[in-house]
Structures are given as structure tokens and as C-alpha cells.
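If you want the building blocks of each chain, they are given just below.
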Amino acid sequence: MVMRSKQGALTDSEKAIVKALLAKDWRNQDIQALVNIGREATINSARITEAKNDPTVVAASDEEVEFYQIKK
């Protein structure tokens, strides 16, 4: 069994941001580019898809998304 590194995983808050950006019709590659800014271990598009398909992830609020974008 292949073990995936935790370094390239999204945090719970990042998953919520991803879900919110997808709801705003952002493209996967644009979300990936935003999330990867300043990260030591970058994510790939599969992490975006995982967050999109996970029914337990609740989208972040508009305020949380705005703060995340400013922080990045």
C-alpha cells in the first residue's frame, strides 16, 4: 500500500476555502495556484477534487474567503 505524505494535504480550513471557491465558479487550477502560494509542500489538483467531493466539508463564509485571499 502506498502511503501519501501529509505535507501535501489540505487542512480543514483550506478544504472549506476550496469548497467556497468552487461554489463561486473558480477553476481548479486557479484554486490550486492560490492555495500553493507560500506553501512548502504544494498540493495537486486531486486535493481540490477530494474537497469538492467530500460531503462533510462545509464551505467557508465570504468573509473567511476574503481574509484567506488577503493573507495569501
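To be clear, the structure that these remarks concern was listed above.
Residues numbered from 1 in each chain as written. Predicted model: local features only at pLDDT ≥ 70, side-chain atom pairs only at ≥ 80, totals over all residues. Heavy atoms only, no water.

**Quick word on the environment of Asn44**
In this structure, Asn44 sits in the loop between helix H2 (28-36) and helix H3 (45-53). For the pair Asn44 and Asn28, spaced 16 residues apart in sequence, the C-alpha to C-alpha distance is 9.6 Å. In terms of polar contacts, Asn44 uses its side chain to reach the backbone amide nitrogen of Ala46, at 3.0 Å. (Helix = DSSP H or I, 4+ residues; strand = E, 2+ residues; numbered from the N terminus. Polar contact = N/O pair within 3.5 Å; in protein donor to acceptor, adjacent residues only side chain to side chain.)

**Some details on the nonpolar core**
Note that soluble globular proteins tend to have their nonpolar side chains buried in a common cluster. Grouped together as the largest cluster of nonpolar side chains are 16 residues, with contacts concentrated most on Val18, Ile31 and Val35. Where this core is concerned, the elements lending two or more residues are helix H1 (12-23), H2, H3 and helix H4 (62-71). Ranked by residue count, the leading element in this core is H1, at six residues. Residues contacting Val18, with those up to four places away along its chain left out, are Leu10, Ile31, Val35, Ile48 and Ala51. (Core = buried A, V, L, I, M, F, W, Y, C linked by side-chain atoms within 4.5 Å. Buried < 20%, exposed > 50% of the residue type's maximum accessible area, 1.4 Å probe, protein only. Contact = heavy atoms within 4.5 Å.)

**Here's the deal with H1**
The end-to-end C-alpha distance of H1 is 17 Å, a good match for the 16 Å that 12 residues give at a rise of 1.5 Å each. The set of residues buried in H1 consists of Glu14, Ala16, Ile17, Val18, Lys19, Ala20, Leu21 and Leu22. Buried residues belonging to H1 abut H2, H3 and H4. Of the residues trailing H1, Asp25 is marked for its positive phi of about 65°. (Expected span 1.5 Å × (residues − 1).)

**Observations regarding the packing of H1 against H4**
Interaxial distance between H1 and H4 falls to 10 Å at its minimum, and their mutual angle equals 110°. Classified by the interaxial angle, the pair formed by H1 and H4 is roughly perpendicular. Listed contacts from H4 to Glu14, Ile17, Ala20 and Leu21 of H1 are Glu64, Val65 and Tyr68. Residues belonging to the contact of H1 with H4 are distributed by class as follows: five nonpolar, no polar and two charged. (Axes fitted to C-alpha atoms, helices over the stretch in contact; angles between N-to-C directions. Parallel < 35°, antiparallel > 145°, perpendicular 65-115°, else oblique. Nonpolar A, V, L, I, M, F, W, Y, C, P; charged D, E, K, R; others polar.)

**Topic: the environment of Asp62**
Tracing the backbone through its elements, the reader meets Asp62 in helix H4. Along the primary structure Asp62 and Ile17 are separated by 45 residues, whereas in three dimensions their C-alpha atoms are 9.2 Å apart.

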